[in-house]
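These are the residues of each chain, in order.
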Amino acid sequence: MAKKFTSYTVTTGLQNLERKLMQKTRLKQTQIHENAILDINFENFKILPALLVTSRKSPDYITRDAIEHVYLTGEMEQIITHAAERNGCSQSTVFFQALMDYVTGELARLNHEN
């Protein structure tokens, strides 16, 4: 199955958490990206209001200072597109939220198990 290569912006802090999850689980980055996107549940998926701030002059604006390179299957691309349309935001914002939800959820689960 052919995958589309794209990139999304996130924060360095989220990338650090992602690396921590990779070390603890030995998952590859592509697996984490796929899990994060496929885990989007449209009934419960919410974008944090701070991620919707687009004015860089706003004190609530979150600077996305890191780039995530992502390989998307057709299914993953459809999920991100649909979530962006439902939430009135960019696909990058959907990816940021999905990755944050997945990584923090998995790290919390792992910490609870130990």
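For the structure, see preceding data.
Presented here is an overview of the structure given in this document. (Residues numbered from 1 in each chain as written. Predicted model: local features only at pLDDT ≥ 70, side-chain atom pairs only at ≥ 80, totals over all residues. Heavy atoms only, no water.)

### Regarding the nonpolar core
What counts is decided by this rule: Residues grouped as a nonpolar core are buried Ala, Val, Leu, Ile, Met, Phe, Trp, Tyr and Cys residues, joined through side-chain atoms within 4.5 Å. With a 1.4 Å probe rolled over the protein chains alone, any residue whose accessible area is under 20% of its type maximum counts as buried; one over 50% counts as exposed, and the rest are partly exposed. Where helices and strands are cited, they refer to DSSP runs of H or I of at least four residues and of E of at least two residues respectively, numbered from the N terminus. The criterion used for residue contact is that any of the two residues' heavy atoms lie within 4.5 Å.
Formed by 30 residues in total, the largest nonpolar core has its most connected members in Val 94, Phe 95, Leu 99 and Val 103. Where this core is concerned, the elements lending two or more residues are strand 1 (4–10), helix 1 (12–25), helix 2 (29–38), strand 2 (66–72), helix 3 (74–87) and helix 4 (91–113). When residues in this core are grouped by element, the largest group, ten residues, is from helix 4. Other than its neighbours up to four places away in sequence, Val 94 contacts Ile 40, Phe 45, Ile 47, Ile 80, Ala 83, Ala 84 and Cys 89.

### Remarks on the packing of aromatic side chains
Describing an aromatic ring pair means giving the distance of the ring centres and the angle of the ring planes. What counts here: Pairing of aromatic rings covers Phe, Tyr and Trp, the last through its six-membered ring, and needs centres within 6.5 Å; plane angles under 30 degrees mean stacked, over 60 mean edge-to-face, and all others mean tilted.
Tallied over the full model, the rule gives two aromatic pairs. When the centroid spacing of 5.0 Å and the interplanar angle of 55° are considered together, the rings of Phe 5 and Tyr 71 count as tilted. Of this pair, Phe 5 sits in strand 1 while Tyr 71 sits in strand 2; the two residues are 66 residues apart in sequence, bridging distant segments of the chain. When its relative accessible area of 45% is taken as the criterion, Phe 5 is described as partly exposed. Centroid distance Tyr 8 to Phe 95: 4.9 Å. Interplanar angle 25°. Geometry classified as stacked. Taken together, the residues span a long stretch of sequence, with Tyr 8 in strand 1 and Phe 95 in helix 4 at a distance of 87 residues. Take Tyr 8: its relative accessible area is 5%, and that puts it in the buried class. For Phe 95, a relative accessible area of 0% corresponds to the buried category.

### Some words on the packing of helix 1 against helix 4
Note the threshold: Note on geometry: axes are lines fitted to C-alpha atoms, helical ones only across the stretch in contact, with angles between N-to-C directions running from 0 to 180 degrees. We call two directions roughly parallel when the angle between them is under 35 degrees, roughly antiparallel when it is over 145, roughly perpendicular when it lies between 65 and 115, and oblique otherwise. Definitions for this section: a left-handed crossing has its near helix turned counterclockwise from the far helix by less than a right angle. A right-handed crossing has that turn clockwise. Side-chain classes follow a simple rule in which Ala, Val, Leu, Ile, Met, Phe, Trp, Tyr, Cys and Pro form the nonpolar group, Asp, Glu, Lys and Arg form the charged group, and the remainder, Gly included, forms the polar group.
Their axes nearest at 10 Å, the elements helix 1 and helix 4 cross at an angle of 45°. Taken together, the axes of helix 1 and helix 4 lie oblique to each other. As for how helix 1 packs across helix 4, the hand of that crossing is left-handed. For the pair helix 1 and helix 4, contact is made by Leu 14, Leu 17, Glu 18, Lys 20, Leu 21, Lys 24 and Thr 25 and by Phe 96, Leu 99, Met 100, Tyr 102, Val 103, Thr 104, Glu 106, Leu 107, Leu 110 and Asn 111, respectively. A class-by-class count of the residues in the contact of helix 1 with helix 4 yields ten nonpolar, three polar and four charged.

### A short note on the pattern of salt bridges
This is how it is decided: Only one rule defines a salt bridge in this text: a Lys or Arg side-chain nitrogen within 4 Å of an Asp or Glu carboxyl oxygen.
On inspection of all chains with the given rule, the structure shows three salt bridges. One salt bridge in this structure joins Glu 106 and Arg 109, with 2.7 Å as the shortest N-O distance. Taken together, the positions of Glu 106 and Arg 109, both in helix 4 and three residues apart, correspond to about one turn of that helix. For Arg 109, a relative accessible area of 36% gives the class partly exposed. Linking Glu 113 and Arg 109 is a salt bridge whose minimum nitrogen-to-oxygen distance equals 2.7 Å. Taken together, the residues Glu 113 and Arg 109, both in helix 4 and four residues apart, mark about one turn of the helix. Glu 113 gets classed as exposed once you look at its relative accessible area, which sits at 52%. When salt bridges that share partners are traced, they join Glu 106, Arg 109 and Glu 113 into one network.

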